[in-house]
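Summary of structural features
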Amino acid sequence: MKENPLPQINRSSEPIILNQSAKQRKTIAILITSLSPEYSEEFRKMYRENPTVTGEIVNVYQPSQEEYQQSENLLHERKALEEMYLLSLSDKLVTSRRSTFGYVAQGLGGLKPWIIYKIDQNRIAHNPPCVRAASLEPCFHSPLTMIAKRKRQQTPAKSFLTSGKCL
């Protein structure tokens, strides 16, 4: 929210007075893809309890909540493909560096995503919490492995990844 890919919420006790009716207010859909329902539940709660600063109506959707990976289950794999496709239709995409869903959606939709950082092992959040990717092109899926391999080969050429342009 700090970097603005999501609608800002009003956390103050002062109500926001809007000059528009509910029919005129913009509706925003947030699609969350995750094996667990906690993320979507937290977003629903946040937008239900706090109005947005500009008066949008925010709906949060999570098509499936499979809870664990089910390899070789055709129905589970179909749901995964459907969710990747739905993500590719997004106006804004927020993903993590190692998300297969995010990479596929980014590639299918030609999206320049927001990359969210993981909280470190000391439970400290990165500042800023997310950054805009350098390009529309998905980068290496396992960046640390690729950097280590490049260093072992001692190749002087820099890739997008090692030059810091690929997040």
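Each value, and the rule that gives it
Residues numbered from 1 in each chain as written. Predicted model: local features only at pLDDT ≥ 70, side-chain atom pairs only at ≥ 80, totals over all residues. Heavy atoms only, no water. Helix = DSSP H or I, 4+ residues; strand = E, 2+ residues; numbered from the N terminus. Buried < 20%, exposed > 50% of the residue type's maximum accessible area, 1.4 Å probe, protein only. Contact = heavy atoms within 4.5 Å. Areas by Shrake-Rupley, 256 points an atom, 1.4 Å probe, with all protein chains shown as cover. Salt bridge = Lys/Arg side-chain N within 4 Å of Asp/Glu carboxyl O. Polar contact = N/O pair within 3.5 Å; in protein donor to acceptor, adjacent residues only side chain to side chain. Patch = residues over 30% accessible without salt bridge, like charges linked within 9 Å, V, L, I, M, F, W, Y side chains within 5 Å. Lys, Arg positive; Asp, Glu negative; His and termini not counted. Charge placed at Lys NZ, Arg CZ, Asp CG, Glu CD. Pairing = 2+ DSSP bridges. Core = buried A, V, L, I, M, F, W, Y, C linked by side-chain atoms within 4.5 Å. Expected span 1.5 Å × (residues − 1). Axes fitted to C-alpha atoms, helices over the stretch in contact; angles between N-to-C directions.

1. Structural notes on the overall build of the protein chain
Secondary structure assignment for the protein chain yields four helices and five strands. In the protein chain, the order of α-helices and β-strands from amino to carboxyl end is β-α-β-α-β-α-β-β-α. Taking all 167 residues of the protein chain together, the buried fraction comes to 28%. Across the protein chain, the fraction of contacts at a sequence separation of at least 24, relative to all contacts at a separation of at least 6, is 53%. If you sum the accessible surface of the protein chain, you get close to 11900 Å²; carbon and sulfur atoms cover 53% of it.

2. Focus on the pattern of salt bridges
Taken as a whole, this structure holds one salt bridge when the rule is applied. Ionic pairing is found between Lys79 and Glu66, a salt bridge with its closest N-O pair at 2.9 Å. Of this pair, Lys79 sits in helix α2 (residues 74-88) while Glu66 is found in the loop between β2 (57-61) and α2, placing the two residues 13 residues apart along the sequence. With a relative accessible area of 28%, Lys79 lands in the partly exposed category. Here Glu66 falls in the buried class, since its relative accessible area comes to 16%.

3. Thoughts on the side chain of Gln62
Here Gln62 is to be found in the loop between β2 and α2. At 2.4 Å, the side chain of Gln62 and the side chain of Ser40 are in polar contact. A polar atom in the side chain of Gln62 sits 3.2 Å from the backbone oxygen of Ser64.

4. A closer look at a positive patch on the surface
On the surface, Lys26, Lys92, Lys112 and Arg132 cluster together into a patch of positive charge. You can see Lys112 is positioned in the loop between α3 (100-109) and β4 (114-116). Among the residues examined, Lys112 registers a relative accessible area of 34% and is labelled partly exposed.

5. Here's the deal with the pairing of β2
By the alternation rule, side chains of β2 split into Val58 and Val60, which are all buried, and Ile57, Asn59 and Tyr61, of which none is buried. Direction of pairing for strand β1 (residues 27-31) relative to β2: parallel, over a ladder of five bridges. Within the sheet, the bridge partner assigned to Leu31 lies in β2 and is Tyr61.

6. Structural notes on the nonpolar core
Buried together is how nonpolar side chains tend to be arranged in soluble globular proteins. Grouped together as the largest cluster of nonpolar side chains are seven residues: Ile9, Ile30, Ile32, Met46, Tyr47, Val58 and Val60. Those elements giving two or more residues to this core turn out to be α1 (38-49) and β2.

7. Concerning α1
Helix length check: α1 (12 residues) gives 16 Å between terminal C-alpha atoms against 16 Å at 1.5 Å per residue, within 8%. Close packing links the buried residues of α1 with β1 and β2.

8. Here we look at the sheet that holds strand β3 (residues 94-96)
The pairing of strands in a sheet happens through backbone hydrogen bonds and is either parallel or antiparallel. As summarised here, the arrangement of the three strands in space is β3-β4-β5, forming an open sheet in which the pairing is mixed. Looking at strand neighbours, the two that pair on one side only are β3 and β5 (130-132), the edges of this open sheet. Geometrically, the sheet is characterised by an average inter-axis angle of 35° between neighbouring strands, direction not taken into account. Where β4 lies against β5, three bridges are found, and the strand directions are antiparallel. Its bridge partner being in β5, Trp114 is matched across the sheet by Arg132.

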